[in-house]
Amino acid sequence: MLTLACGRTFTVDEKIRTQDWPDVLLERWSDETRRSPGWVQKPLACDFIAYAYAPAATCVLLPVPALQRAWRQHGRQWIGLYGTRRAANQGYTSVSVPVPRGVLMQAIVEAMFVS
């Protein structure tokens, strides 16, 4: 939870990468076999995602509604351009799309101002 000086509050989820990558991994499927939607395409109970790169001590704050709108507009194209990455977890496999930071940020900005 973030509370601004004016008193307004925002809810934030966090994602942390343990290496510095030039992309943001957008989770398409949280469980590939069960086709459980990942966080980029399911309703979230937060306003922002704080996406951090631990070694660089940097973080980008992604507004969830615009991020998900950008995914709906560009997700298929991004899958074709950047492919997918699978992460084998105990009992399930998640699938994410590595979208370059600049590409994602531009798409989010456009999604904020274009319906």
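Rules behind the numbers
Once a new chain begins, its residue numbering starts again from 1 and follows that chain's sequence as written. With pLDDT at 70 or above as the cut-off, local features in this predicted model cover only qualifying residues; side-chain atom pairs require 80 or more to be listed or tallied, and sums for whole chains, interfaces and linings still use all residues. To get the side-chain values, all heavy atoms of the structure are used, and hydrogens and water are removed first. Aromatic pairing here means that ring centres of Phe, Tyr or Trp (its six-membered ring) are within 6.5 Å. Orientation follows from the plane angle: under 30 degrees is stacked, over 60 is edge-to-face, and everything else is tilted. To qualify as a helix, a DSSP run of H or I must reach at least 4 residues; to qualify as a strand, a run of E must reach at least 2; elements of each kind are numbered from the N terminus. Note on exposure labels: buried denotes an accessible area under 20% of the residue type's maximum, exposed denotes more than 50%, and partly exposed covers the range between, all computed with a 1.4 Å probe on protein chains only. Side-chain atoms within 4.5 Å are what join buried Ala, Val, Leu, Ile, Met, Phe, Trp, Tyr and Cys residues into a set we call a nonpolar core. Contact criterion: two residues are considered in contact whenever any of their non-hydrogen atoms come within 4.5 Å of each other. The span one expects for a helix is its residue count, reduced by one, times 1.5 Å. The angle between axes fitted to the seven residues ending at a residue and the seven residues starting there is what we call the bend at that residue.

Glancing now at the packing of aromatic side chains. Summed over all chains, the structure comprises 3 aromatic pairs. Look at Phe 10 and Phe 48: their rings are 5.5 Å apart centre to centre, the planes differ by 75 degrees, and that puts the pair in the edge-to-face class. Of this pair, Phe 10 sits in strand β2 (residues 9–10) while Phe 48 is found in strand β6 (residues 48–53), placing the two residues 38 residues apart along the sequence. Taking the centre distance of 6.3 Å and the plane angle of 50 degrees together, the rings of Trp 71 and Trp 78 count as tilted. Like Trp 71, the residue Trp 78 is buried in the burial classification.

Once that is clear, we can look at the nonpolar core. Counting residues in hydrophobic clusters, the biggest one holds 21 residues, and the most contacted among them are Leu 26, Leu 67, Trp 78 and Leu 104. Listed by contribution, the elements that provide at least two residues to this core are β4 (23–31), β6, α1 (64–82), β9 (92–100) and α2 (101–113). If one sorts the elements of this core by residue count, α1 sits on top with 6 residues. Ignoring sequence-local partners within four residues, the contact set of Trp 78 consists of Leu 26, Ala 70, Trp 71, Gly 83, Val 97, Val 99, Val 103, Leu 104 and Ala 107.

Relative to the 27 Å expected for 19 residues at 1.5 Å per residue, α1 spans just 21 Å between its end C-alpha atoms, considerably shorter than the ideal helical length. His 74 marks where α1 bends most, by close to 65 degrees. Of all the residues in α1, the buried ones are Val 64, Ala 66, Leu 67, Gln 68, Ala 70, Trp 71, His 74, Gly 75 and Trp 78. For α1, the elements touching its buried residues are β4, β6, β7 (58–63), β9 and α2. In the segment just after α1, Gly 83 is the residue with positive phi, at about 75 degrees.

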